[in-house]
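Analysis of the macromolecular model
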Amino acid sequence: MPDNEDVILPMPCEGAMVFRKAYIPLAGPLDDFPVKVGQDGAEYGYVEQTRPAFIAGSFTGAKTDKSRYYLMAKYELTQLQYRALTDEKCPEPSNKLRLPQVNVSWLDAMQAADKYNLWLRKNAVDKLPKEDGSAGFLRLPTEIEWEFAARGGVDVSAAEFRDTRYPMPENMNAYEWFAGSQSSNGQLQLTGLLKPNPLGLHDMLGNADEMMFEPFRLNKLDRQHGQAGGYVVRGGNYLTASADIRTSLRQEDPYYNADGQMKSKTTGFRLAMVSQTLTSRDRVKAIESSWKTLGTGSEEPAQGEGKGTVQALNSLASSVDDKALKEKLQALENQLRATNLLQEENRDQAIRASLNLGAFLCTKMLDDGQYLDFTQKNYALNCEGSEKDPTCDMRKAKLDEQKSRVHKLGLYYASSLVESASLYGQPLLEKQVPVMDEIMDRNKQLQALKPYLKAHWSNQKTFLQKQKIDADAWLTACKAVKQ
């Protein structure tokens, strides 16, 4: 099922592996995107309870790009692909070998990734995506990479992202294999037969469950427990009941059992393509520069009390000779910076939410404003001539009702502009506009809001500069949006 956005890498034996890009807004060296993983109300909260996490992409496209991405294999690794990587001779192509490769250990999966990496570097290094001149590499995905992609990334709305499963308009049978005669009927199925998730990934839930890169950890409400155990398996499989198929589903498998390396008839894997983090001296310098400003407010025009305290602690620590006291002051400075950074990240999320709301309200201003124009013309045509329509009283009531509706909407919209201006100010708002624009660009459901975001931001800037409520002008700006 080829797609224009597929990224295709060659494989041994004239094969290929297809990947999809998972985009993450923000492109700075220390930028990452806040997400919630897990599920509220899960029966096994110590395994699946919701917790905050952050994700960032590995690769940048053009220098002007406002997002980064990593690559996730479009399909679970098939038996044919596995044999091409691990057998001495090329396998005979067969449709039956499109079944996911199961009955392999975690170490087998890592060795297959290693062989593929070495083959690519020897035979197709020019095909590898690069970041800052450094070629990417394949490995098992981390839990956050997998769950972000399984939920649909920024291609779905925030509400859809937090649902138990990604959107399935044609019900789950059309998208995933699970237990029962209405689906897998107890049999592993060929990859890619059903519809993909919003990122274009097939069989993320069900069919074969998938190994993760990192070890399993229990959940402690808003963080993970300190003990690292076996490896993580995600997504459910063809023997999992439909009611249990969900993106938060996770379990622990041991690396070894009584027979040696742990292998399962239901467990396979898919690969992720990522890059190293410290790719060059220039990148290290950029990271160091960003690190020095984290939580200090030095990049922001307004210096809050907490930001001034950070600078004061830094100056005080620099002037102290007592080593123990200096370490305590530096530790206190780092704690304060971390607190400030969390507040800044939460603030940026709130700003993006306010911009999204403003764009949506602009659509309502357009719709209600156009209907008011229609109602006024209708009334003028039928009730302002010499021969009045007998329904004029009803038409007048509808006109007054619509005027009242538009007036109230204008007041609500004005309040949102005033509150955003007073809470954040232009520099902070302006910094999040391209981020919100990028999110809307990636999310098909939000793409229609992009021109309204532009109109809303124009209205917001006008208020910031003039500090004047002008609901009529804002209504006109929203009505002027061209689809």
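Structure: above.
Residues numbered from 1 in each chain as written. Predicted model: local features only at pLDDT ≥ 70, side-chain atom pairs only at ≥ 80, totals over all residues. Heavy atoms only, no water.

Counting secondary structure elements, the protein contains 12 helices and 18 strands. The principal-axis extent of the C-alpha atoms belonging to the protein is close to 95 × 75 × 45 Å. Considering the protein as a whole, with its 483 residues, one finds that 47% of them fall into the buried category. Accessible surface for the protein amounts to roughly 25,000 Å². Of this, 51% is attributable to carbon and sulfur atoms. Seen as two clouds, the 61 positive and the 64 negative side-chain charges of the protein have centres 2 Å apart. (Helix = DSSP H or I, 4+ residues; strand = E, 2+ residues; numbered from the N terminus. Buried < 20%, exposed > 50% of the residue type's maximum accessible area, 1.4 Å probe, protein only. Areas by Shrake-Rupley, 256 points an atom, 1.4 Å probe, with all protein chains shown as cover. Lys, Arg positive; Asp, Glu negative; His and termini not counted. Charge placed at Lys NZ, Arg CZ, Asp CG, Glu CD.)

Right, let's talk about the pairing of strand S13 (residues 231–234) for a bit. Where burial is concerned, the two faces of S13 agree: the one with Tyr 231 and Val 233 and the one with Val 232 and Arg 234 are both buried. Summarising the sheet, strand S10 (residues 209–215) and S13 pair through three bridges and their orientation is antiparallel. Directly across from Pro 215, in S13, lies its bridge partner Tyr 231. By the bridge criterion, four bridges tie S13 to strand S14 (residues 250–253) in an arrangement that is antiparallel. The partner of Tyr 231 across the bridge, within S14, is Asp 253. (Pairing = 2+ DSSP bridges.)

Another point: the state of the cysteines. Scanning the entire structure with this criterion turns up three disulfides. Bridging Cys 362 to Cys 478, the disulfide has an S-S length of 2.1 Å. A torsion of -115 degrees about the S-S bond marks the disulfide between Cys 362 and Cys 478 as left-handed. In this pair, Cys 362 sits in helix H8 (residues 323–383) while Cys 478 sits in helix H12 (residues 471–479), placing the two residues 116 residues apart along the sequence. Since its relative accessible area comes to 0%, Cys 362 is described here as buried. Note on Cys 478: relative accessible area 0%, which makes it buried. Between the sulfur atoms of Cys 383 and its disulfide partner Cys 392 the distance amounts to 2.1 Å. Looking down the S-S bond of the Cys 383 and Cys 392 bridge, the torsion is -105 degrees, so its handedness is left-handed. Both residues of the pair, Cys 383 and Cys 392, count as buried. Cysteines bonded in the protein are numbered consecutively along the chain; their disulfide partners then correspond to 1-2, 3-6, 4-5. (Disulfide = S-S within 2.5 Å.)

Between helix H11 (residues 450–466) and H12, the least distance of the axes is 9 Å, while the angle of their chain directions is 160 degrees. The angle between the axes of H11 and H12 places the two elements in the roughly antiparallel class. Note that H11 runs across H12; the crossing there is right-handed. When H11 is examined against H12, the residues Tyr 452, Ala 455, Asn 459 and Phe 463 are found in contact with a partner set consisting of Trp 474, Ala 477 and Cys 478. The class makeup of the residues in the contact of H11 with H12 is six nonpolar, one polar and no charged. (Axes fitted to C-alpha atoms, helices over the stretch in contact; angles between N-to-C directions. Parallel < 35°, antiparallel > 145°, perpendicular 65-115°, else oblique. Left-handed = near helix turned anticlockwise from the far one by under 90°. Contact = heavy atoms within 4.5 Å. Nonpolar A, V, L, I, M, F, W, Y, C, P; charged D, E, K, R; others polar.)

The next thing to look at is helix H4 (residues 143–151). The α-helix winds at 3.6 residues per turn, so residues separated by three or four positions along the chain end up facing the same way. Most of H4 sits inside the fold, with nine of its nine residues counted as buried. By the burial criterion, the buried members of H4 are Glu 143, Ile 144, Glu 145, Trp 146, Glu 147, Phe 148, Ala 149, Ala 150 and Arg 151. Phi turns positive one or two residues past the end of H4, at Gly 152, with a value near 110 degrees.

A few words now on the pattern of salt bridges. According to the stated counting rule, one finds 22 salt bridges in the structure shown. Among the salt bridges present, the one from Glu 5 reaches Arg 20, with a minimum N-O distance of 4.0 Å. Residue Glu 5 is located in the segment before strand S1 (7–11), and its partner Arg 20 is located in strand S2 (residues 15–25); the two are separated by 15 residues in the primary sequence. A residue is classified by how much of its surface remains accessible, and Glu 5, at 55% relative accessible area, is exposed. A salt bridge links Asp 441 to Lys 450, with the nearest nitrogen and oxygen atoms 3.4 Å apart. For Asp 441, a relative accessible area of 32% corresponds to the partly exposed category. For Lys 450, a relative accessible area of 24% corresponds to the partly exposed category. One network of salt bridges, in which partners are shared, links Asp 3, Glu 5, Asp 6, Arg 20 and Lys 74. (Salt bridge = Lys/Arg side-chain N within 4 Å of Asp/Glu carboxyl O.)

With that settled, the discussion passes to the packing of aromatic side chains. In the structure shown here, the tally under the stated rule is 10 aromatic pairs. On the numbers, 6.0 Å between centres and 80 degrees between planes, the contact of Tyr 166 with Tyr 175 is edge-to-face. Taken together, a centroid distance of 6.3 Å and an interplanar angle of 75 degrees make the contact between Phe 463 and Trp 474 edge-to-face. Of the two residues, Phe 463 sits in helix H11 while Trp 474 sits in helix H12, which places them 11 residues apart along the sequence. Residues Phe 463 and Trp 474 agree in their burial class; the two are buried. Positioned above the aromatic ring of Phe 213 is the side chain of Arg 139, whose terminal nitrogen or guanidinium carbon lies 5.4 Å from the ring centre. (Phe/Tyr/Trp six-rings, centres within 6.5 Å; stacked < 30°, edge-to-face > 60°. Lys NZ or Arg CZ within 6 Å of the ring centre and 35° of its normal.)

This part takes up the pairing of strand S3 (residues 33–37). When you tally the buried positions in S3, you get four out of five residues, the bulk of the element. In this sheet, strand S4 (residues 51–55) lies alongside S3 in antiparallel orientation, the contact comprising five bridges. Along S4, the bridge assignment pairs Lys 36 with Pro 52.

Time to look at the sheet that holds S13. Judged by pairing direction, the sheet is mixed, and its four strands sit side by side in the order S14-S13-S10-S17 without closing on themselves. What marks the edges here is a single partner per strand, and that holds for S14 and strand S17 (267–268). The strands touched by helix H3 (residues 106–123) within the sheet are S10 and S13, with S10 carrying the most contacts at an inclination of about 85 degrees.

This part is about the side chain of Arg 234. Residue position: Arg 234 is located in strand S13. Classification of Arg 234 as buried rests on a relative accessible area of 1%. In this structure the side chain of Arg 234 is engaged in a polar contact, spanning 2.7 Å, whose partner is the side chain of Glu 147. Every residue in contact with Arg 234, bar those within four places of it in the chain, is listed here: Glu 143, Trp 146, Glu 147, Asp 209, Glu 210, Met 212, Thr 247, Ser 248, Leu 249 and Arg 250. (Polar contact = N/O pair within 3.5 Å; in protein donor to acceptor, adjacent residues only side chain to side chain.)

Worth remembering: the numbers are spatial, not functional.
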